[in-house]
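Single-letter residue listing:
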Amino acid sequence: MNRFFNLIIILSLIAPVAIFSAYIIMDEGDQFTSEHYMVTALSTVPFIFAILVKFLMSGVDKK
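What comes next concerns the included structure. Bear in mind that the values here come from a model prediction, so they are computed numbers and not experimental data.

Section: the side chain of Ser12
Tracing the backbone through its elements, the reader meets Ser12 in helix 1 (residues 2–26). By relative accessible area, which is 6% here, Ser12 ends up buried. From its side chain, Ser12 meets the backbone oxygen of Ile9 in a polar contact 2.9 Å long. Excluding anything up to four places from it in sequence, Ser12 contacts Ser43, Pro46, Phe47 and Ala50.

Structure below.
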């Protein structure tokens, strides 16, 4: 279970970087708008949920 959560956390950390890089490529690196930063910030929400679920489930495996 711990390996599963670590995988989810790694994937959710890659998502904001990939989205931000995609915006740079799509806009040809001209300028950044508030929309770029907003979408990148919103893409960190899965990371926050993954950390929260891992914290809440941390005591479940222990007996």
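Re the packing of helix 1 against helix 3 (residues 45–57)
Orientation of helix 1 relative to helix 3, taken along the N-to-C sense of each, is 165 degrees, at an axis distance of 8 Å. Relative to helix 3, helix 1 is oriented roughly antiparallel. Read as a crossing pair, helix 1 and helix 3 show a hand that is left-handed. The segment helix 1 lies against helix 3, with Asn2, Phe5, Asn6, Ile8, Ile9, Ser12 and Leu13 engaging Pro46, Phe47, Ala50, Ile51, Val53, Lys54 and Met57. Of the residues that constitute the contact of helix 1 with helix 3, the class distribution is 10 nonpolar, three polar and one charged.

Calculation notes
Along each chain, numbering runs from 1 in the same order as the chain's sequence is written. In keeping with the model being predicted, local features are shown solely for residues with a pLDDT of at least 70 and side-chain atom pairs are shown and tallied solely at 80 or more, while totals for entire chains, interfaces and linings include all residues. Note that water and hydrogens are dropped before the side-chain values are worked out from all heavy atoms of the structure. Note on conventions: DSSP H or I runs of at least 4 residues are helices, E runs of at least 2 residues are strands, and numbering of each starts at the N terminus. The cut-offs for exposure are 20% and 50% of the maximum accessible area for each residue type, with area from a 1.4 Å probe on protein chains only; residues under the lower value are buried, those over the upper are exposed, and the others partly exposed. For the purposes of these results, a polar contact is taken to be a pair of N or O atoms within 3.5 Å, where, inside protein, one atom must be able to donate a hydrogen and its partner to accept one; residues adjacent in sequence count only when each atom of the pair is a side-chain atom. Contacts are residue-level and defined by heavy atoms, with any inter-residue pair within 4.5 Å sufficient. Every axis in this analysis is a line fitted to C-alpha atoms, fitted for helices over the stretch in contact. Angles between the N-to-C directions lie between 0 and 180 degrees. Throughout this description, any angle smaller than 35 degrees is read as roughly parallel, any larger than 145 degrees as roughly antiparallel, any in the 65 to 115 degree range as roughly perpendicular, and the remainder as oblique. Whether a crossing is left-handed or right-handed is set by the direction in which the near helix is turned from the far one by less than a right angle, anticlockwise for left-handed and clockwise for right-handed. Classes in brief: Ala, Val, Leu, Ile, Met, Phe, Trp, Tyr, Cys and Pro nonpolar; Asp, Glu, Lys and Arg charged; the others, Gly included, polar.

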